[in-house]
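# Breakdown of the fold
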Amino acid sequence: MHRRRLIVLAVLFVASAVAYMTIGARGNWGFVLEFRGAKLAALCLVAVALSTSTVLFQTITQNRILTPSIMGFDELFVLIVAMGVFVFGMTDYLVVTSWIQFGVSLVLMTGASLLLFGTLLLQERPDLMRMILTGLVLTVLFRSLRTLLVRMLDPNEFSVVQVSSYARFHQIETGLLAIAAVTIGAALVGAWAMRHRLDVLSLGREAAINLGEDVRRGTLQVLVLIGILVSVATALVGPTAFLGLLVVSIAHAVTPTGRHAVLLVSAALISGTTLVGGQALLERVFGLVTPLTVVIDLAGGVLFLVLVMKGLKR
Amino acid sequence: MISVMGVSHDLGGSTVLHDIDLEIPKGKVTALIGPNGAGKSTLLSLIARLARHRTGRIMVDELEVGVCASNTLARRLAILPQSSEIAPRLTIEELVAFGRYPHHLGRPGKHDREKIAEAMTLFDLDPLTQRTLDTVSGGQRQRALLAMIFAQDTDYMLLDEPLNNLDIAASRSLMALLQRLAREHARTVVIVLHDINYACAYADHIVTMKGGKIGPQGDAETLVDGKLMHEVFETDAVVHRIGGRTFVAV
C-alpha cells in the first residue's frame, strides 16, 4: 500500500548518504571513503537503532508521545557506564573499547530496564500522564546518581564519563563499529521476526489476548530488544533526547499504518535521512557552527510539547 | 460447553466473585443479567483469560483456561470487552482483518480474505472499509469490533454489553444475528445485557448474578417475574406476558 512512499524515502536516504560521502571531499579518495564510510555506517546504525526502539516502545505502551529516551533509557545506560568507571576505576576506560565491558554493560542495562520498565508496563492500566511523570523522575534520578558518582572520580575518569554523557554525532566511537553492527543487527532481526505480533500487541492488552497473543511475554521480549538497541546507540553517540520521537512522528505522518512491516522500514529510512543528511549539511555546508543534536532536540522538543498538549486536551 | 467450577476472584482487596459454579450450554444464546457490580463482566473476563483466576477451574470444552495455549483458545473463543480502547488510526478493514490473526499468524490466505469480506458484508461495513476508527460513529465502531470477533470464527463468542452505542434498529438486528448464529451455525453466544427486555426477547437461557454469586437461571418465561425483579434487581418492576413473550415494564 505504501510501496511508492517507501521507495521515495529510500531514494532520499541514498541521496543523503551520497551527499555525506562526497561533499567537500578533497585529496586521496581511498582515505576519504574509508574515513567517512566508517562514520556513515555508525550514523546509519544509530539511526535505525533509535527509530526501531522508539517504534517498539510506542507499540507496547500504545501511545505516540513516549519514547525510550523520554523514559530515561539512555540516561540509565550512561549511569551504568559511569558505575563501571567508578567500580573498576580505569583511567583510560573508553566506554566500550573492550567486548567484555560492553557485554557487561549490555546485560546490566537489559536487566535493569526489564526490572524498572517491565514492572511499570505490566500493570493493569498504566496511564499516560503517570508514565510521563515516571519517565521524568527516572531521567532526573539516573542523571543525579551519575553526577554523584562523577564527583567522586578523579579528573581523568571524569572526562571519560563526561564525554559519554552528551550526544555527539560528529565524534563517533567508530572503534566499536563491528560489535555494534552485530548486536544491532541481531536485535533488528528479532524485531522484524516479531512484526506481525507487534501489530497485534499495538491493539492493546485485551484485544491482543483475545487474538491469542501472550502480552506479558511479548512486552518483556520487546523490552529486551529496546534495552539492546538503546545501549548500543548510546554507546556510539551518547543520549539522544528527542530524535526517536521526531523521526517516528514523521513516519506516522508519511506512512500512516498500523502495520509494523511498513512502519519499521519507513521510520528507519526517515531516521537515516535525518541523521546522515542533517550531519552532511551541518558538518560540510555550515562547518559545524551548530551541532546536529541542538537542531534535532529543538524540533523534537517542540513536537513533544505539542503532542503532550494535544494529549491533555483529549 | 463452558464450565466454571469453584471460581473466586478478588479485585483491589474485595472479593467480587464468590465460589462460582456455572455451566453455559453449547449452541445457545445465554444472557448474563444482574445489577451493576454483580460481577458479570469479571466472570466474562476470567472465562476469556483477560484476568487470571486464582481459585477454581474454567473449561471451554476440553480446553482448560489458563493452561491451554492462548492461541488455541483464540481459535475457540472470542471476547468483545466493554469499551475497548483500540488503536484509533486503524481503518475498519484493517481492524476486521485482525480477527483472522489467530488462524494465520500474520500471513493471510484466500480463505481468510473471504471470511473478512463475509464479516464486512454481514455487519454492513462495506461502505466504510477505508475509514479510520476515529472518524466513524460509536455505533459503526461497535459494528466493526463485532465484525472482527465474527471473523475470528470461534465456537464461543463472549460479548460484554455489545448494545452500548447501538440504536434500537442496530440492537435488534445484532440480537437477531446472534440468535441466527446460535441456531444455524451452532455457535455459543454469552452476552452481558443491561436491558432485561432484550434478554427476554432473544436469549435462550438467562443467568442472573448478584453480589458476586449466581442467582436463579432458566428461560425468560419461567424465570422472569415480579419476584425475580425484586430479589435480583431490588426494584418492583411489573412483568407482563403478552402473546407468549415476557416484558418488563420500565
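Residues numbered from 1 in each chain as written. Chains lettered and ligands numbered in written order. Predicted model: local features only at pLDDT ≥ 70, side-chain atom pairs only at ≥ 80, totals over all residues. Heavy atoms only, no water.

When helices and strands are tallied, chain A shows 13 helices and 0 strands. Secondary structure elements of chain A occur, N-terminal to C-terminal, as α-α-α-α-α-α-α-α-α-α-α-α-α. The buried share among the 314 residues of chain A stands at 55%. Here the contacts in chain A between residues at least 6 apart in sequence split such that 79% fall between residues at least 24 apart. When the accessible surface of chain A is summed, it comes to about 13,900 Å², and 69% of that surface belongs to carbon and sulfur atoms. (Helix = DSSP H or I, 4+ residues; strand = E, 2+ residues; numbered from the N terminus. Buried < 20%, exposed > 50% of the residue type's maximum accessible area, 1.4 Å probe, protein only. Contact = heavy atoms within 4.5 Å. Areas by Shrake-Rupley, 256 points an atom, 1.4 Å probe, with all protein chains shown as cover.)

Attention shifts here to the pairing of strand β7 (residues 156-160) of chain B. All names here are of chain B. Most of β7 is tucked away: 5 of the 5 residues are buried. Residues Y156, L158 and D160 of β7 are buried on one face, and the alternating residues M157 and L159, pointing to the opposite face, are buried as well. Note that strand β6 (residues 77-80) and β7 share 4 bridges and pair parallel. Within the sheet, the bridge partner assigned to L77 lies in β7 and is Y156. (Pairing = 2+ DSSP bridges.)

Attention shifts here to empty space enclosed by the protein. All told, the structure shown has 2 cavities of 30 Å³ or more when counted by the stated rule. In this structure, the largest cavity occupies an estimated 50 Å³ of space. What lines the largest cavity is simply A:L50, A:S53, A:T54, A:T67, A:P68, A:S69, A:D74, A:V230, A:T234, A:T240 and A:G244. Those elements that provide at least two residues to the lining of the largest cavity are α2 (29-61) and α10 (215-237) of chain A. Here the residues of the lining of the largest cavity sort into 3 nonpolar, 7 polar and 1 charged. Elements supplying a minimum of two residues to the lining of the second largest cavity: α6 (138-151) and α7 (168-185) of chain B. The leading source of residues in the lining of the second largest cavity is α7(B), at 3 residues. Class assignment for the residues of the lining of the second largest cavity results in 7 nonpolar, no polar and no charged. Structurally, the lining of the second largest cavity is a two-domain feature, drawing no fewer than three residues from each of domain 1 (1-76 + 157-218) and domain 2 (84-153) of chain B. (1 Å grid on protein atoms, 1.4 Å probe; cavity = no way out; pocket = protein on both sides within 12 Å on 5 of 7 lines; lining within 4 Å. Points joined across faces, edges and corners; volume = space filled by probe spheres on them. Nonpolar A, V, L, I, M, F, W, Y, C, P; charged D, E, K, R; others polar. Domains from an automatic or database assignment.)

This brings us to a nonpolar patch on the surface. Taken together, A:F86, A:V87, A:F88, A:L141, A:L145, A:L148 and A:M152 make up a surface patch of nonpolar side chains, about 680 Å² in accessible area. When residues of the nonpolar patch are traced back to their parent elements, those giving at least two are α3 (73-88) and α5 (128-151) of chain A. (Patch = residues over 30% accessible without salt bridge, like charges linked within 9 Å, V, L, I, M, F, W, Y side chains within 5 Å. Salt bridge = Lys/Arg side-chain N within 4 Å of Asp/Glu carboxyl O.)

Residues and elements named next belong to chain B. Taken in spatial order, the 4 strands make up an open sheet running β2-β1-β4-β5, and their pairing is antiparallel. Looking at which strands have only one partner, the edges of the open sheet turn out to be β2 (14-24) and β5 (63-64). By the bridge criterion, 7 bridges tie strand β1 (residues 2-11) to β2 in an arrangement that is antiparallel. Each bridged residue has a counterpart across the sheet, and for S3 the counterpart in β2 is E23.

A word on the pattern of salt bridges. Residues and elements named next belong to chain B. Counted by the stated rule, this structure contains 16 salt bridges over all chains. A salt bridge links R76 to D61, with the shortest nitrogen-to-oxygen separation between them at 3.3 Å. Taken together, the positions of R76 in the loop between α2 (70-74) and β6 and D61 in the loop between β4 (55-60) and β5 put the pair 15 residues apart, joining distant regions of the chain. Take R76: its relative accessible area is 18%, and that puts it in the buried class.

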